[in-house]
Amino acid sequence: MDRGLLAWVALFWLTAIAGGLQVTVPDKKKVAMLFQPTVLRCHFSTSSHQPAVVQWKFKSYCQDRMGESLGMSSPRAQSLSKRNLEWDPYLDCLDSRRTVRVVASKQGSTVTLGDFYRGREITIVHDADLQIGKLMWGDSGLYYCIITTPDDLEGKNEDSVELLVLE
């Protein structure tokens, strides 16, 4: 392969990697105390000059994780996850087998809470961090930070953090 072509290929790949929407959640798992506040962090970069729409979505565990957090996980779940190291019986299941709901959305400076979360102290702060004023039992699960921009459709537009609420 001649050097000129190789340089163009390298430039193309660097542009593809550097450009486009990139969403990252720095903490993949967070443990917090019941009735205490918490912040789930989300960072994003985009080449868009349009304002981004930020949405946080909640997905419940596929099965109760409290027993595992107390050291009492089921033998069936342990044997299944040992067979497939990429599969997590608590996190990996179809959305139709768990609760999925919108927590909050932010467009510009306007934050809108999902129906289930209205009346709670929840907002989106900074660019995309989800701030929860007082954690409840049902708050344990996966939280997805999803960023949408009208003119930046390439890249990774979501990332997730697992939140485990303990007493």
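So, here is what we can say about the structure in this document.

What counts and how
Residues numbered from 1 in each chain as written. Predicted model: local features only at pLDDT ≥ 70, side-chain atom pairs only at ≥ 80, totals over all residues. Heavy atoms only, no water. Buried < 20%, exposed > 50% of the residue type's maximum accessible area, 1.4 Å probe, protein only. Helix = DSSP H or I, 4+ residues; strand = E, 2+ residues; numbered from the N terminus. Pairing = 2+ DSSP bridges. Polar contact = N/O pair within 3.5 Å; in protein donor to acceptor, adjacent residues only side chain to side chain. Contact = heavy atoms within 4.5 Å.

**A word on the pairing of strand β10 (residues 141-148)**
Step number 1: Of all eight residues making up β10, seven are buried, and the element is well covered by its neighbours.
Step number 2: With seven bridges connecting them, strand β5 (residues 53-59) and β10 associate as antiparallel partners. Counterpart to Val 54 in the pairing with β10 is Ile 147.

**Comments concerning the sheet that holds strand β4 (residues 43-45)**
Step number 1: Spatial strand order, β4-β1-β11: three strands in an open sheet with mixed pairing. Looking at strand neighbours, the two that pair on one side only are β4 and β11 (155-156), the edges of this open sheet.
Step number 2: With three bridges connecting them, strand β1 (residues 21-24) and β4 associate as antiparallel partners. The residue of β4 that forms the bridge with Gln 22 is Ser 45.

**Some remarks on the side chain of Asp 152**
Step number 1: Tracing the sequence through the fold places Asp 152 in the loop between β10 and β11.
Step number 2: In terms of polar contacts, Asp 152 uses its side chain to reach the backbone amide nitrogen of Leu 21, at 3.3 Å.
Step number 3: Ignoring any residue separated from it by four or fewer positions in sequence, one finds Asp 152 in contact with Gly 20, Leu 21, Thr 46, Ser 47 and Ser 48.

Geometric values such as these leave the question of function open.
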